[in-house]
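Coordinate inspection notes
Here is what each chain is made of, one letter per residue.
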Amino acid sequence: HTKPLSDLINELQIIHKKQDQELTEELTSDAMSTMSNEEIKKALESQFEARRSKIGQLEIKQRVQENAQTKAFGLIDQAEKAFQNEKFEDALSNYREAADILITAGWQDQVQTINERITQIRFEKDNHAKQKQNAHRKLLEKQQQQREFQLQMQTMAKSKKAQRFIPVVMYA
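Residues numbered from 1 in each chain as written. Predicted model: local features only at pLDDT ≥ 70, side-chain atom pairs only at ≥ 80, totals over all residues. Heavy atoms only, no water.

**What to know about the packing of aromatic side chains**
This is how it is decided: In this analysis, rings of Phe, Tyr and Trp, with Trp reduced to its six-membered ring, are considered paired at centre separations within 6.5 Å, and the interplanar angle assigns stacked below 30 degrees, edge-to-face beyond 60, and tilted for intermediate values. For each residue, the accessible area found with a 1.4 Å probe, counting protein chains only, is set against the maximum for its type, and the residue is called buried under 20%, exposed over 50%, and partly exposed in between. Only Lys NZ and Arg CZ are tested; either one counts as a charge over a ring when it is within 6 Å of the ring centre and within 35 degrees of the ring normal.
Within the structure shown, the criterion is met by 1 aromatic pair. Both rings, one in Phe83 and one in Phe88, keep their centres 5.8 Å apart while their planes meet at 70 degrees; by these two values the pair is edge-to-face. Given a relative accessible area of 10%, Phe88 falls into the buried group. Over the ring of Phe83 we find Arg117, and its NZ or CZ is 4.5 Å from the ring centre.

So, in structure tokens, the structure goes:
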């Protein structure tokens, strides 16, 4: 579980203060009076090396978080494009993957927004499916009406054709 970047920065500041305090305590006038210049130099170098190591670790964590953030935001962009193109499953998949990445990176507060968007997309997906079904049902009804009309027209045409051939008897 990685910490958010702001926590890492705060942690680094706390470490710096703590190390400065420790160094100051180690190098009080009483301690310095018993230490040689070489010992003071080694103590300072040791503190400097410890600080550099911790900074290196925090920088690595920061890069990992930045990479996770970049990937998650890229997936969110892809999800929105998929949604705009009515590719709802792709949009949902990309949002889920982005949420997983953000959780892994320790950004749980961002996941709530993504979950709300996922809910919206599901709703839109269902509405879109209902609209398509209604449009298809209306098309089928219209086609059925056209077939019925054509049958009526054919029946009328046959009826008129038959009437033309009925012999007319004249009565005198």
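**Some words on helix α3 (residues 37-84)**
The condition that has to hold: Helical segments are the DSSP runs of H or I of at least four residues, strand segments are the runs of E of at least two, and each set is numbered from the N terminus. Residue count minus one, scaled by 1.5 Å, sets the expected span of a helix.
Between its first and last C-alpha atoms α3 spans 69 Å; for 48 residues at 1.5 Å apiece the expected length is 70 Å, and the two agree. The set of residues buried in α3 consists of Ile40, Ala43, Gln47, Leu58, Gln65, Ala68, Ala72, Leu75, Ile76, Ala79, Ala82 and Phe83. Where α3 terminates, the next one or two residues include Glu86, which has phi positive at roughly 60 degrees.

**As for the nonpolar core**
Quick note on the threshold: To qualify as a nonpolar core, a set must consist of buried Ala, Val, Leu, Ile, Met, Phe, Trp, Tyr and Cys residues joined through side-chain atoms within 4.5 Å. Contacts were defined at the residue level, with two residues in contact if any of their heavy atoms lie within 4.5 Å.
Formed by 21 residues in total, the largest nonpolar core has its most connected members in Tyr95, Ala98, Leu102, Ile114 and Ile121. Looking at this core, the elements that each hand over two or more residues are α3, α4 (88-104) and α5 (108-164). In terms of residue count, α4 provides more of this core than any other element does, 8 residues in total. In contact with Leu102, other than residues within four places in its own chain, are Ala72, Trp107, Gln108, Gln110, Val111 and Ile114.

**Structural notes on the pattern of salt bridges**
Note the threshold: Think of a salt bridge as a Lys or Arg side-chain nitrogen and an Asp or Glu carboxyl oxygen that are within 4 Å of each other.
By the definition in use, this model includes 4 salt bridges. Between Glu49 and Arg52 there is a salt bridge; the shortest N-O distance is 3.8 Å. On the criterion of helical spacing, the pair formed by Glu49 and Arg52 is a turn pair, its members being 3 residues apart in helix α3. Under the relative-accessibility criterion, Glu49 is labelled partly exposed at 44%. The partner of Glu141 in a salt bridge is Arg137, with the nearest N and O atoms 3.1 Å apart. Here Arg137 and Glu141 lie together in helix α5, a separation of 4 residues that amounts to about one turn.

**Quick word on the side chain of Asn94**
Along the chain, Asn94 falls in helix α4. For Asn94, a relative accessible area of 13% puts it in the buried group. Excluding residues that lie within four positions of it along the chain, Asn94 makes contacts with Leu75, Gln78 and Ala79.

**With respect to the environment of Asp126**
Here Asp126 lies in helix α5. Sequence-wise, Asp126 and Phe88 are 38 residues apart; in three dimensions their C-alpha atoms are separated by 9.7 Å.

On their own, these measurements won't tell you what the molecule is for.
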